[in-house]
Amino acid sequence: MSEQQDLLPDALPPVRWVTLDDVPVPVTPHYAGLVFSTRPRIAGASDGFDYFIKGPEIEVVVAEAVGYELAARAGLDVPEWALCRASHDEDVFFASRAMRVRSGVDQLIARKLHVNGDFLG
C-alpha cells in the first residue's frame, strides 16, 4: 500500500446524519441588507439540537460540507455538521448545529494563523 493510500482513510470523516423533527423555517438576517444566497432555514432535530439547514441543491450541500471541513482543518472552530432529511421530504440537506461562534477572522487573529493582521482588521 502506498503512502498516499495510507492517508486516504483520514482524508474524510464519516458523515453524520440527523433527522429533522420540525419543519424548517427561514432564517431572517439580524443585520439590515444582509443577503443569504443559500436560503438557510432552521429546524430542531431528533438529537435535541437546532440546526441551520441549507440545500437541497447538491452544489450547496457539497460546498457547505467541504467548506466546513476546510475551515476545521485550518484550525477554525466550526459547529458540528451532518446531512439530513426532513420527515416530509426525501431531499438531502446540509445541517450545521446552531451555536454561538466568533467570526473566523477573530479566530485567525487570536491564534496567529495569519500573515498580514492589518489586512484582516
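Up top is the structure.
Residues numbered from 1 in each chain as written. Predicted model: local features only at pLDDT ≥ 70, side-chain atom pairs only at ≥ 80, totals over all residues. Heavy atoms only, no water.

A. The arrangement of the sheet that holds strand β5 (residues 81–86) in detail. Reading across the sheet, the six strands line up as β1-β5-β6-β4-β3-β2 and stay open at both edges, with mixed pairing between neighbours. This sheet does not close on itself; its edge strands, each paired only once, are β1 (17–20) and β2 (25–26). Note that β1 and β5 share four bridges and pair parallel. In the strand pairing of β5, W17 is matched with L83. Of the strands in this sheet, β4 (50–54), β5 and β6 (93–97) are in contact with helix α2 (residues 58–73), which crosses β6 at around 35 degrees. (Pairing = 2+ DSSP bridges. Helix = DSSP H or I, 4+ residues; strand = E, 2+ residues; numbered from the N terminus. Contact = heavy atoms within 4.5 Å. Axes fitted to C-alpha atoms, helices over the stretch in contact; angles between N-to-C directions.)

B. Up close: the pattern of salt bridges. The full count for this structure, using the stated rule, is seven salt bridges. The residue R16 makes a salt bridge to D47 at a minimum N-O spacing of 3.6 Å. With a gap of 31 residues between them, R16 in the loop between α1 (3–11) and β1 and D47 in the loop between β3 (41–44) and β4 connect regions that are remote in the sequence. Given the relative accessible area of 28%, R16 is considered partly exposed. Of the residues examined, D47 reaches a relative accessible area of 30% and is grouped as partly exposed. Linked by salt bridges that have partners in common, R16, D47, E80 and R97 make up one network. (Salt bridge = Lys/Arg side-chain N within 4 Å of Asp/Glu carboxyl O. Buried < 20%, exposed > 50% of the residue type's maximum accessible area, 1.4 Å probe, protein only.)

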